[in-house]
Amino acid sequence: MTTIEETRAQIQQIDSEILELIKKRVDLAEKVLDAKRKENLSINDEEQNQVVINRAIDEATELNLDTAAIKKIYETLIQMSIDKQYELSGNGNLP
């Protein structure tokens, strides 16, 4: 039988992995910004944002996860990417 401490350690490990993946995702903002500049696209692409959210909701549905919560998470992830792109372009509000 697994103890609460062992389970919490597993959760901590998963949380660390999630944070590493978020960092990788945000780090891709520079490549996305470069591509948007080449294609003369705005930083905030509402259509693409919706594509990403819909894809996440579809996968969440298949995994039997709370789609409303997943939508909020992905809205936050998208906003982080947008903020990073603005920062990289010199138009950000980040310190």
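Higher on the page you've got the structure.
Keep in mind that this is a model prediction, so the values were computed, not measured.

Here the structure, examined in full by the defined rule, presents three salt bridges. Taking the shortest distance from any N to any O, the salt bridge between Glu87 and Lys84 comes out at 3.7 Å. Highlighted residues: Glu87 and Lys84, both in helix α4 (residues 67-89), separated by three residues, approximately one helical turn.

A few words now on helix α3 (residues 46-62). An ideal rise of 1.5 Å per residue puts 24 Å on 17 residues; α3 measures up with 24 Å between its terminal C-alpha atoms. Inspection of α3 places Asn49, Val52, Ile53, Ala56 and Ala60 among the buried residues, and these make up the whole buried set. Projected onto a plane normal to the axis of α3, the buried residues spread over an arc of 95° and lie on a single side. Residues of α3 that are exposed and point more than 90 degrees away from the buried face comprise Glu47, Thr61 and Glu62. Summarising the contacts, the buried residues of α3 are in contact with α1 (4-27) and α4. Backbone geometry just downstream of α3 places Asn64 in the positive-phi region, at approximately 60°.

Conventions adopted
Within every chain, residues take consecutive numbers counted from 1 along the sequence as written. The model is predicted, so local features are restricted to residues of pLDDT at least 70 and side-chain atom pairs to those at 80 or more, both for listing and for counting; the totals for chains, interfaces and linings are taken over all residues. Values shown for side chains rest on all heavy atoms present in the structure; no hydrogens or waters enter the calculation. A pairing counts as a salt bridge when a side-chain nitrogen of Lys or Arg comes within 4 Å of a carboxyl oxygen of Asp or Glu. Only DSSP runs of H or I reaching four residues or more are called helices, and only runs of E reaching two or more are called strands; each is numbered from the N terminus. Expected span of a helix, by definition, is 1.5 Å for each gap between consecutive residues, and there is one gap fewer than residues. Throughout, exposure labels follow a simple rule: accessible area from a 1.4 Å probe, protein chains only, divided by the maximum for the residue type, with under 20% read as buried, over 50% as exposed, and the rest as partly exposed. By definition, the arc is the one covered by directions from the helix axis to the C-beta atoms. Should any heavy atoms of two residues lie within 4.5 Å, those residues are considered in contact.

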